[in-house]
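Descriptive analysis of the structure
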Amino acid sequence: MNRALTTAMIGIGTAQAMKLPLFYLKTGKWDLSQLTQTGGMPSSHSSGVSALATYIAMKRGISAIDFAVSSVFGAVVMYDAMGIRRAAGEIAIEVNDLDEQVERLAKQHPGLYHERRRKALKERLGHLPREVVGGALLGIAIGAFSYMLENKK
């Protein structure tokens, strides 16, 4: 068994599972699709890469090459979640709103033709900084716990 990989996967799965009750607390609705959604609190990407880097740091030390690789990989993943993916989600919101506005205009002006998009663009793609930090803290806890469990044997 690859303990580092398992630790990272547990970090991802735990963060995804936590989205369901956190969404319920926020909205009062149970939405099982939260288990597979991107975006939201906590970031499963951040949790997975932080769990991996923490486990490796505790297992091999912070001077190990695999810790350096996992840390750089983690930083890129978290930056991407807050930056590019979040921006893409914000653009999707604008495009979806624009589609609704053009549809309203088309109804007001019979000569204007507009066919509504069959499917709205997905808006929840990236993360707010607090969602990334929440995922990272969860991942650090999972990575440390995994290391401690392994060394209890």
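What you see as residue numbers is a count from 1 along each chain, following the sequence as written. Where local features are concerned, this predicted model is filtered to residues with pLDDT of at least 70; where side-chain atom pairs are given and counted, the filter is 80 or more; whole-chain, interface and lining totals use all residues. Values shown for side chains rest on all heavy atoms present in the structure; no hydrogens or waters enter the calculation.

A few points about the overall build of the protein chain
Each helix is a run of H or I in the DSSP string that is no shorter than four residues. Each strand is a run of E no shorter than two, and both are numbered from the N terminus. When you go through the protein chain residue by residue, the secondary structure sums to 5 helices and 0 strands. When the helices and strands of the protein chain are placed in sequence order, the string is α-α-α-α-α. Using a 1.4 Å probe on the protein chains alone, a residue whose accessible area is under 20% of its type maximum counts as buried, one over 50% counts as exposed, and one in between counts as partly exposed. Counting every position in the protein chain, which comprises 153 residues, the buried fraction comes to 35%. Long-range contacts, defined here as pairs at least 24 residues apart, represent 74% of the contacts in the protein chain between residues at least 6 apart. Only the protein chains shown count as cover for residues, and the accessible areas themselves come from Shrake-Rupley with a 1.4 Å probe. For the protein chain, the accessible surface area stands at approximately 9800 Å², while carbon and sulfur atoms represent 66% of it. Contact definition: two residues touch when any of their heavy atoms are within 4.5 Å.

Description of the pattern of salt bridges
When a carboxyl oxygen of Asp or Glu lies within 4 Å of a side-chain nitrogen of Lys or Arg, that pair is called a salt bridge. What the rule picks out here adds up to 2 salt bridges. Taking the shortest distance from any N to any O, the salt bridge between Glu150 and Lys59 comes out at 3.4 Å. Taken together, the residues span a long stretch of sequence, with Glu150 in helix 5 (residues 129–152) and Lys59 in helix 2 (residues 44–60) at a distance of 91 residues. The exposure class assigned to Lys59 is partly exposed, which follows from its relative accessible area of 42%. With its nearest N and O atoms 3.0 Å apart, the salt bridge here joins Asp66 to Arg60. Judged by relative accessible area, Asp66 falls into the partly exposed class, the value being 30%. Given the relative accessible area of 57%, Arg60 is considered exposed.

Section: helix 2
Count 3.6 residues to each turn of an α-helix, and residues three or four apart come out pointing the same way. The span expected for a helix works out to 1.5 Å for each residue beyond the first. An ideal rise of 1.5 Å per residue puts 24 Å on 17 residues; helix 2 measures up with 24 Å between its terminal C-alpha atoms. Most of helix 2 is tucked away, with 13 of its 17 residues classed as buried. Identification of polar contacts relies on pairs of N or O atoms within 3.5 Å, with a donor-acceptor requirement for protein atoms, meaning one able to donate a hydrogen and the other able to accept it, and with residues adjacent in sequence counted only if both atoms are side-chain atoms. Where helix 2 begins, the side chain of Ser43 points an oxygen toward the backbone nitrogen of His45, at a separation of 3.5 Å.

Comments concerning the UniProt feature "transmembrane region" (unreviewed entry) in the protein chain
The feature "transmembrane region" (unreviewed entry), as given by UniProt, occupies residues 132–149 in the numbering adopted here. End-to-end, the C-alpha atoms of residues 132–149 are 25 Å apart, and along that stretch the chain is 100% helix and 0% strand. UniProt positions are given in the numbering used here, feature names are shortened, and annotations may be inferred rather than shown by experiment.

Quick notes on the packing of helix 3 (residues 65–82) against helix 5
The description of two helices packed together rests on the angle between their axes and the distance between the axes. Lines fitted to C-alpha atoms define the axes, with helix axes restricted to the stretch in contact, and inter-axis angles between N-to-C directions lie between 0 and 180 degrees. Running from amino to carboxyl end, helix 3 crosses helix 5 at an angle of 150 degrees, the nearest separation of the two axes being 9 Å. Relative to helix 5, the element helix 3 is oriented roughly antiparallel. Remark: the crossing between helix 3 and helix 5 carries right-handed chirality. Along the contact surface, helix 3 presents Met78, Ala81 and Met82, while helix 5 presents Pro129, Val132 and Ala136. Grouping the amino acids of the contact of helix 3 with helix 5 by side-chain chemistry returns 6 nonpolar, no polar and no charged. Angles are sorted into four bins: roughly parallel if under 35 degrees, roughly antiparallel if over 145, roughly perpendicular if 65 to 115, and oblique for all others. A clockwise turn of the near helix away from the far one marks a right-handed crossing, whereas an anticlockwise turn of less than a right angle marks a left-handed crossing. Amino acids are sorted into nonpolar (Ala, Val, Leu, Ile, Met, Phe, Trp, Tyr, Cys and Pro), charged (Asp, Glu, Lys and Arg) and polar (every other residue, Gly among them).

As for the side chain of Ser70
Structurally, Ser70 can be placed in helix 3. Those residues within four positions of Ser70 in sequence are excluded, and the remaining contacts are Leu52, Ala53 and Ile56.

Some points on a nonpolar patch on the surface
Without a salt bridge and with relative accessible area above 30%, a residue can belong to a patch; like charges are then joined within 9 Å and nonpolar side chains (Val, Leu, Ile, Met, Phe, Trp, Tyr) within 5 Å. A cluster of nonpolar side chains, contributed by Met18, Leu22, Tyr24, Leu25, Trp30 and Met41, occupies part of the molecular surface with about 600 Å² of accessible area. On the secondary structure map, Met18 appears in helix 1 (residues 3–27).

Observations concerning unusual backbone geometry
Here the amide bond leading from Met41 into Pro42 is cis, since omega sits at -10 degrees, within 30 degrees of zero. Relative to the helices and strands, Pro42 is located in the loop between helix 1 and helix 2.

Structural notes on the nonpolar core
Here the nonpolar core consists of buried residues drawn from Ala, Val, Leu, Ile, Met, Phe, Trp, Tyr and Cys, with membership extended through side-chain atoms lying within 4.5 Å. Counting residues in each nonpolar core, the largest one holds 9 residues, listed as Ala4, Ala8, Leu52, Ala53, Tyr55, Ile56, Ala57, Ala64 and Phe67. For this core, the secondary-structure elements that each account for two or more residues are helix 1 and helix 2. Here the element with the most residues in this core is helix 2; it accounts for 5 residues. Those residues in contact with Ala8 that lie beyond four places of it in its chain are Gly48, Ala51 and Leu52. With 6 residues, the next largest nonpolar core counts Val49, Val77, Val132 and Ala136 among its residues.

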